[in-house]
Amino acid sequence: MAIDTDKIVHAVMHGSRIREEKGIIPLFGVYLSMIPVQYYNRISFGFEKKTGSDGSAEKLLVAAGQECGYATFHGVRSSWEWAEVVEPMIEQVEDQIHCFISIAIAFGWGDLVVQELIPGEKLVVHAKSSYEAKGYLDAYGGADTGKCYMLRGVAAAFMDLVYGGDYPDGCFQYAAEETHCQAKGDPYCEFVARKAAR
Ligand SMILES: [Zn+2]
């Protein structure tokens, strides 16, 4: 069975209508919340601006995105919703990555597309509407380097989850670079995840 992105997105969107009284959304085995992208970007890029341009904030923000993606999507693939909606579509291990991408799209993380996947070796993901790139452009007018730290971490996390070994020891087995970014004027953002150098 092919991966039915529409079906996965629909299941997430339908489930996300259920809110606890504090606004928390219990869905696909994890707790989600709605956060305005302007707020997230302001915190994230504000942190980077305040801590200087030596790259340490970038490293921390990418690592946070990777750890978040790793833990969140481990919860997702352990959920009953995954077992019911997604699992029947999975025929080979690589399909998990495509399903993660479909769920990330439904989460509002971007219009992600798997461009290339070499099992265990390399994952290339494209996004044409990254909220981080757009947010950076709106706030600062342009960048010299890629600014989509969260999606960069998440691309590596998806490889960690599928090829990095058992949870929770698989995190940071892979690392991603952002080779193109709309914040730099590129037509899309591109994330390339490979085995991390040790
Ligand atoms: Zn970008």
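So, here is what we can say about the structure in this document.

About the criteria used
- Residues numbered from 1 in each chain as written.
- Predicted model: local features only at pLDDT ≥ 70, side-chain atom pairs only at ≥ 80, totals over all residues.
- Helix = DSSP H or I, 4+ residues; strand = E, 2+ residues; numbered from the N terminus.
- Rg over C-alpha atoms; globule rule 2.2 N^0.38 Å.
- Buried ≥ 20, exposed ≤ 12 C-beta atoms within 10 Å, placed from the backbone.
- Pairing = 2+ DSSP bridges.
- Axes fitted to C-alpha atoms, helices over the stretch in contact; angles between N-to-C directions.
- Contact = placed C-beta atoms within 7 Å.
- Core = buried A, V, L, I, M, F, W, Y, C linked by C-beta atoms within 7 Å.

1. A look at the overall build of the protein chain
Looking only at helices and strands, the protein chain features seven helices and six strands. Taking 2.2 N^0.38 as the reference for a compact globule, 198 residues should give roughly 16 Å; the C-alpha atoms of the protein chain span a radius of gyration of 16 Å, in line with that estimate. Residues classed as buried in the protein chain amount to 36% of the 198 residues present.

2. Observations concerning the sheet that holds strand E4 (residues 122-127)
Pairing in this open sheet of four strands is antiparallel, and the strands run E3-E4-E6-E5 from one edge to the other. Where the open sheet ends on each side, the last strands, each with one partner, are strand E3 (112-118) and strand E5 (174-180). Pairs of neighbouring strands in the sheet enclose a mean axial angle of 20°, with direction left out of account. In this fold helix H5 (residues 95-106) packs onto E3 and E4, with an angle of close to 165° to the strand it touches most, E3. Relative to E5, helix H7 (residues 149-163) is tilted by about 140°, and along the sheet it contacts E4, E5 and strand E6 (189-195).

3. What about the nonpolar core?
Counting residues in hydrophobic clusters, the biggest one holds 50 residues, and the most contacted among them are Ile103, Leu151, Ala155, Phe158 and Ala193. No other element matches H7, which puts twelve residues into this core. Beyond its immediate sequence surroundings of up to four residues, isoleucine 103 is in contact with Ile8, Val12, Phe28 and Val76.

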